[in-house]
There are 2 protein chains.
Amino acid sequence: MGIDQALLAIDRTCGSGSVLTDADLLASHAHDESEVAPQQPAAVVRVRSTSEVSAVLRAAHEHGVPVVPRGGGTGRVGGAVPVQGAIVLAFERMADVVHIGREDLTAMVEPGVVLGDLHRAVEAEGLFYGPDTNSLDSCRLGGNIGTNAGGPRTLKYGPTRDWVLGMTAVTGDGTVLELGKRTSKGVTGYDLTSLVVGSEGTLAVVTRATVKLVPAPEAVATLLVFVPDLGSAGRAVGAALGEGILPRCVELLDPLALELVRAGAGVPVPDGARAMLLIELDGVERSLETQLERCGEAMLAAGAVEVLVAKDGTERERLWSARRDLSHALRRSARHKLSEDVVVPRTRIPDLLARCATLAERAAIRMPTYGHAGDGNLHVNFLWDDPAKRPQVDAAIRSLFEAVVELGGTLTGEHGIGVLKAPYLPLEQAPELIALQERIKSLFDPRGILNPGKIFPADVRRHFHGAC
Amino acid sequence: MGIDQALLAIDRTCGSGSVLTDADLLASHAHDESEVAPQQPAAVVRVRSTSEVSAVLRAAHEHGVPVVPRGGGTGRVGGAVPVQGAIVLAFERMADVVHIGREDLTAMVEPGVVLGDLHRAVEAEGLFYGPDTNSLDSCRLGGNIGTNAGGPRTLKYGPTRDWVLGMTAVTGDGTVLELGKRTSKGVTGYDLTSLVVGSEGTLAVVTRATVKLVPAPEAVATLLVFVPDLGSAGRAVGAALGEGILPRCVELLDPLALELVRAGAGVPVPDGARAMLLIELDGVERSLETQLERCGEAMLAAGAVEVLVAKDGTERERLWSARRDLSHALRRSARHKLSEDVVVPRTRIPDLLARCATLAERAAIRMPTYGHAGDGNLHVNFLWDDPAKRPQVDAAIRSLFEAVVELGGTLTGEHGIGVLKAPYLPLEQAPELIALQERIKSLFDPRGILNPGKIFPADVRRHFHGAC
């Protein structure tokens, strides 16, 4: 068997203790945080260096064995779920912040670094790294890079791609490439760094990255804004952005989402509040007062029922508690839950929410929606109890994606395509464009061993026909 | 001849008046602003739409005719210099700002839009577009996208790639693709938008782009800082960035550059000043005072001889006059001038300048240096009068690039590789990486008709052997 020969070769090169086939470990590497059916890998290899990753890929390439690079396993679309007979690459042993260049405003990191650890390391130097996924205490940089991860602060600071300057990456046949640059600026050649970021592990395995940093903002303030209806919420978001201020986040909870967290909202939800906005501003201490005043006034002018402000860490956390708890509150509130991460131009959010209301009514399900309203990235949830409803839910999901594309949006804002969204890719992208991407993949990975069954509809059908 | 058949087909599709072969017009499309020897195209085609661009490329693909997309012709490395028998695509008739989404913070633009016109259009709406090349009143968005153009403000706002969300692009065989997104966020599929940005017209012709906008900063202030030596300049740059403030630009003039503009510096250069920094801060009006104070104090602590501050437009322009005039002042000061646009990590700027001093001494030439010190992007100039010195200059240029790579930098910060830097590409990139990029090109452009003779050393030698 190819897999046995590959594992033998890997064991010889990487040393004993690298190839792991312990049953519990395989089980814990069989899934991510999506609904994709778990599939145990044939082995987990804990790599320690670029040359070990290269050795694994050379062996896998030679023997035709699929390889699935895995970060923290926090993905939401099955991107890290192995196909049958795969080797999972695990990066716990490559988890160093190798270097922080305080004056160069760069850091060199290994893919196993947990995002929250990078935050703490650079913040200790008075610096700041933008992306802040909800899973920041367990997701790893390699996974962030693979999915071009975002988070609330993406509104002001952009997603992971905007922060990755260069990388060491290993392609499907084990070739080690130095991509991009180690400086904040540079335009030499094609931007293969940006191509690999967000490619969901299908083009290359990142073994080291140079990321950009910025000086840490001196102060942060949070506004919690209750509004009487979605119309006011839309006006409020527009007003916040129209004040010449770019908040670092503008989060929205729609009426159903707000209802679900009412009890655990950290603050009393006032009568007449039907939606909630969470706005964060940052910058120089003295400027925050001005920004807060203006933003607060704009909220009241847009019809806000109540505006709460917090400037210190504990108070800010209290205002965030409702938003942070939301995903779990949703899960508790129904037997079945699916969540779709879509984007529309921010002015089309009201249209999207109106479509959602229609879809929910038609399928007789609940569809609470929340997310990063500032950049039009909403998490639309589908909640139902009766398993027999699944076909209606699936129809509603397809209709949602059709609506999103029709409104000028995109299928995914930060979770990726993975397994779950691949069937819908043709709604957004023309066959020529999908084919071009498949041909690019085959340049990086001639035998198609890198994270197979992800992104591309035909490839996903081949490997996950039962799962989506 | 292929070219005649291609032009006939184009004339039939695009209508009379599209294909231009007037001698003056051909001559004016034979060069850019580099030292690459001019080469007249066979024809200039003034396109009006995506479908016309597609028709031109289909005809050119069929008949094997090279096509050179041209923006404002302001490039510095020969990227828009035609090869023999080429069709130049000109975009004066595709120069509309199609739409500004004030609340969506996006604009849809045609490639012929002059960058300064886009600035004015979005600023009229209280919005802001980041990239600000020195040639902003003549360069066009299509060229900016092709070169991933930067400018002083790149330090805070990033280069063109950070602003392009999506595009309509036509590949080498005339296929029209919709790449990327029209929203600020989105991670569907591979980021082919970022791949096309900065590909110097070798992958696809951009016919429309959606760009990101941000709210316009309320206020801008400029500091002109005179320092007694380069060591103080380095400390001052570090101090400015270490204050928790990210200036929008930090420009440096080294002693030779300062000497050249002393007479036209707009302000008296104080005794003891041997280098000059130009720092710009922007943000909320009230925060600027604080930022200015802190930044000014940090400059004095770093040893500045004098710090001048300007907040209104006219005063700011006066402080900028020395920097703006520099390129021309350099040209006036010697019979021969070459300028190389390199990047090193900002902490290595002193090392780079020390190397330059050695190189200048060895070749007995002058090498004034200036540029975007905040992001380590310097324009190193080579000035000489005796034409016989050219071999020494060429040797110095190669040594400069070797030093840049050794210091962890990159060959080009914002001008691109084009014709002139292609011979040095192997100093920075491994053969496997260059080969991979060539294979990617052949997917987008199977007959190699799109801007041949650019970026790739072998291809450049084939077309421009005499020029570099």
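Note that this is a predicted model, so its numbers are computed, not measured. (Residues numbered from 1 in each chain as written. Chains lettered and ligands numbered in written order. Predicted model: local features only at pLDDT ≥ 70, side-chain atom pairs only at ≥ 80, totals over all residues. Heavy atoms only, no water.)

*Asks:* In this structure, what is going on with the environment of Leu352 of chain B? I would like to understand it.
*Replies:* Residue and element names in this part refer to chain B. Here Leu352 shows up in helix H12 (residues 349-363). Taking relative accessible area as the criterion, Leu352 reaches 0% and is therefore assigned buried. Between the C-alpha atoms of Leu352 and Leu433, which are 81 residues apart in sequence, the distance is 26 Å. With near-sequence residues (within four places) excluded, Leu352 lies in contact with Val342, Val344, Leu378, Leu400, Val404 and Leu407. (Helix = DSSP H or I, 4+ residues; strand = E, 2+ residues; numbered from the N terminus. Buried < 20%, exposed > 50% of the residue type's maximum accessible area, 1.4 Å probe, protein only. Contact = heavy atoms within 4.5 Å.)

*Asks:* What is the right way to read the packing of helix H15 (residues 431-444) of chain A against helix H15 (residues 431-444) of chain B from this model?
*Replies:* Each pair of packed helices can be described by the angle between their axes along with the distance between the axes. Between H15 of chain A and H15 of chain B, the shortest axis-to-axis distance is 10 Å and the interhelical angle comes to 160°. Judged on the interaxial angle alone, H15 of chain B and H15 of chain A are roughly antiparallel. With respect to the hand of their crossing, H15 of chain A and H15 of chain B are arranged in right-handed fashion. Contacts between H15 of chain A and H15 of chain B involve Leu436, Arg439, Ile440, Leu443 and Phe444 of chain A from the former and Leu436, Arg439, Ile440, Leu443 and Phe444 of chain B from the latter. (Axes fitted to C-alpha atoms, helices over the stretch in contact; angles between N-to-C directions. Parallel < 35°, antiparallel > 145°, perpendicular 65-115°, else oblique. Left-handed = near helix turned anticlockwise from the far one by under 90°.)

*Asks:* Would you mind going over the environment of Lys212 of chain B with me for this structure?
*Replies:* Residue and element names in this part refer to chain B. Looking at the element boundaries, Lys212 is found in strand E10 (residues 204-212). In this structure, the C-alpha to C-alpha distance between Lys212 and Val164, residues 48 residues apart in sequence, is 6.3 Å. Every residue in contact with Lys212, bar those within four places of it in the chain, is listed here: Leu105, Tyr129, Asp162, Trp163 and Leu165.

*Asks:* I would appreciate a short explanation of the sheet that holds strand E3 (residues 67-69) of chain A in the present structure.
*Replies:* In a beta sheet, neighbouring strands are held together by backbone hydrogen bonds and run either parallel or antiparallel to one another. Residue and element names in this part refer to chain A. The mixed open sheet is built from four strands, whose spatial order is E1-E2-E4-E3. Every interior strand has two partners, whereas the edge strands, strand E1 (19-20) and E3, have only one. Bridge count between strand E2 (residues 43-46) and strand E4 (residues 87-90): four bridges; the pairing is parallel. Bridging from a neighbouring strand, Val44 pairs with Val88 of E4. Of the strands in this sheet, E2, E3 and E4 are in contact with helix H3 (residues 50-63), which crosses E4 at around 170°. (Pairing = 2+ DSSP bridges.)

*Asks:* How should I be thinking about the relation of the copies chain A and chain B in this particular structure?
*Replies:* Between the two copies of this chain, the relationship is a rotation about some axis together with a displacement along it. Rotating chain A by 180° and translating it 0.0 Å along the rotation axis places it on chain B, where the RMSD comes to 0.0 Å. Seen this way, the second copy is the image of the first under a two-fold rotation axis. Minimal C-alpha separation from the rotation axis in chain A is found for Ser287 of chain A, amounting to 2.2 Å. The residues that chain A uses at the interface reappear at the interface of chain B in 100% of cases, marking a shared surface. (Least-squares fit on C-alpha atoms with pLDDT ≥ 70 in both.)

*Asks:* Explanation requested: the packing of aromatic side chains in the structure shown.
*Replies:* We describe a pair of aromatic rings using the distance from one ring centre to the other and the angle between the two ring planes. What the rule picks out here adds up to ten aromatic pairs over all chains. For the ring pair Phe456 of chain A and Tyr190 of chain B, a centre distance of 5.6 Å and an interplane angle of 85° mean the geometry is edge-to-face. Of this pair, Phe456 of chain A sits in the loop between H15 and helix H16 (457-464) while Tyr190 of chain B is found in the loop between strand E9 (176-180) and helix H7 (192-196), placing the two residues in two different chains. With respect to burial, Phe456 of chain A and Tyr190 of chain B carry one shared label: buried. An aromatic cluster is defined as three or more aromatic residues linked by ring pairs; in this entry it consists of Phe128, Tyr129, Tyr157 and Trp163 of chain A. Taking the ring centre of Trp163 of chain A as reference, the NZ or CZ of Lys212 of chain A above it sits at 4.9 Å. (Phe/Tyr/Trp six-rings, centres within 6.5 Å; stacked < 30°, edge-to-face > 60°. Lys NZ or Arg CZ within 6 Å of the ring centre and 35° of its normal.)

*Asks:* What is the right way to read the interface of chain A and chain B from this model?
*Replies:* Bring the parts together and some accessible area is lost; that lost area is often taken as the interface size. Residue-level contacts link 79 residues of chain A with 79 residues of chain B. The contact between chain A and chain B buries some 6600 Å² in all, and 61% of this surface belongs to carbon and sulfur atoms. In terms of surface lost to chain B, no three residues of chain A exceed Lys185, Val187 and Tyr190 of chain A, which account for 15% of the buried area on that side. Inspection of the region where chain A meets chain B yields six salt bridges. (Buried area = accessible area lost by both parts, 1.4 Å probe. Salt bridge = Lys/Arg side-chain N within 4 Å of Asp/Glu carboxyl O.)

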